[in-house]
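Each chain, letter by letter, is given below.
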Amino acid sequence: MKILSLDCATQSATCAILDDNNILGETTFNLKKQHSQILMPMIDDLLKNTQMSISDIDAFVASKGPGSFTGLRIGMATIKGLSQGCKKPFVTLSTLDSLAYNLAYTDGIICPILDALRDNVYTALYSFDNSDALTDPKLNKISDYVNISISELIIMLKDKNCSITFVGDGVPKFKEKLLDNLTNIRFAPKHLNLAKASSLGELGLKLLTSGIQDDIYGAIPIYLRKPQAEREYEEKMRQK
């Protein structure tokens, strides 16, 4: 099975093509460009460089967040459109899941953090079941997806009696504060802090091959907070 996966939930835009055994190609940009302007050219170039057409793709995978509201809508709308146009299945997963999956075989707790602005992060806690060396490690989500302040996250982690590894675009921003307040913590290398369409695609491929797929009308992004315009409107109404 060949799949096309993409993630536009964060500042980076990334797309990849995978089959059952290999990553055939991947493109990632981590610049402040509009995802709406670069996503389709990225996909088109990736298909050309892997000598494929969209009809060669058997299924699609997209991030459902949390993250940038606009980026999520662009990514999910693109995948839904391709799925519907090609009459091929699709599935959506969280960017937090794929970031945690970047650290396969890591012991202890994995804590992906995405910058949610105003000293807040999108996060969840994960662990890997590495008990069987002959099979792929099983990623277990051990907390809900949340949008909390970095201070609240530190309080939540203080009582954990195992190592904690942080990954995600929130690491550079909050690394010093985490080091000042927590012990027995580690940080992923820089290249793993970016959302990767290949990691998302590998998780999606497992779901698709097991028969799981999303419904084009039922699949919705994980927002975790209200849009900024709505928050500003509510604040203005409270001040009246």
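Details of the structure are given in the entry above.
Fair warning: this is a prediction, and the values are worked out from it, not measured in the lab.

Overview of the packing of aromatic side chains
Thought 1: Considering all chains together, one arrives at three aromatic pairs under this definition.
Thought 2: Considering the side-chain rings of Phe69 and Tyr223, the 4.6 Å spacing of their centres and the 45° angle between planes classify their relative orientation as tilted. With Phe69 in helix α2 (residues 69–86) and Tyr223 in the loop between α6 (197–209) and α7 (228–239), the pair connects residues that are 154 residues apart, well separated along the chain.
Thought 3: On the basis of relative accessibility, which here comes to 25%, the residue Tyr223 falls in the partly exposed class.

Structural notes on the packing of helix α4 (residues 150–157) against helix α5 (residues 171–181)
Thought 1: Where α4 contacts α5, the axes come no closer than 11 Å and their chain directions differ by 35°. Between α4 and α5 lies a crossing whose hand is right-handed. Facing Ile150, Ser151 and Ile154 of α4, the residues of α5 in contact are Phe174, Lys177, Leu178 and Asn181.
Thought 2: Considering only residue class, the contact of α4 with α5 consists of four nonpolar, two polar and one charged.

Quick notes on the pairing of strand β3 (residues 23–29)
Within a regular beta strand, the side chains point alternately toward one face of the sheet and then the other, so they alternate between its two faces.
Thought 1: Alignment of strand β2 (residues 13–18) against β3, held across six bridges, turns out to be antiparallel. Looking at β3, one finds that Cys15 is bridged to Thr27.
Thought 2: Between β2 and β3, which follow one another and run antiparallel, lie four residues.

Looking at α5
Thought 1: Of all the residues in α5, the buried ones are Val171, Phe174 and Leu178. One face of α5 carries all of its buried residues, which in axial projection span an arc of 90°. In this structure, α5 carries Pro172, Glu176 and Asp180 as exposed residues pointing more than 90 degrees from its buried face.
Thought 2: Check the buried side of α5 and you find it contacts β6 (109–115), β7 (120–123), α4, β11 (164–167) and β12 (185–187).

A closer look at the pattern of salt bridges
Thought 1: With the rule as written, the count across this model stands at two salt bridges.
Thought 2: Between Asp44 and Lys48 there is a salt bridge, with its nearest N and O atoms 3.1 Å apart. With Asp44 and Lys48 both in helix α1 (residues 35–49), this residue pair falls four residues apart, about one helical turn.
Thought 3: Judged by relative accessible area, Asp44 falls into the partly exposed class, the value being 34%.
Thought 4: Between Lys173 and Asp115 there is a salt bridge whose closest N-O contact spans 3.4 Å. Taken together, the positions of Lys173 in helix α5 and Asp115 in strand β6 put the pair 58 residues apart, joining distant regions of the chain.
Thought 5: Relative accessible area serves as the criterion here: at 44%, Lys173 is assigned to the partly exposed category.

Here is what the cut-offs are and how they apply
Residues numbered from 1 in each chain as written. Predicted model: local features only at pLDDT ≥ 70, side-chain atom pairs only at ≥ 80, totals over all residues. Heavy atoms only, no water. Phe/Tyr/Trp six-rings, centres within 6.5 Å; stacked < 30°, edge-to-face > 60°. Helix = DSSP H or I, 4+ residues; strand = E, 2+ residues; numbered from the N terminus. Buried < 20%, exposed > 50% of the residue type's maximum accessible area, 1.4 Å probe, protein only. Axes fitted to C-alpha atoms, helices over the stretch in contact; angles between N-to-C directions. Left-handed = near helix turned anticlockwise from the far one by under 90°. Contact = heavy atoms within 4.5 Å. Nonpolar A, V, L, I, M, F, W, Y, C, P; charged D, E, K, R; others polar. Pairing = 2+ DSSP bridges. Arc of directions from axis to C-beta. Salt bridge = Lys/Arg side-chain N within 4 Å of Asp/Glu carboxyl O.

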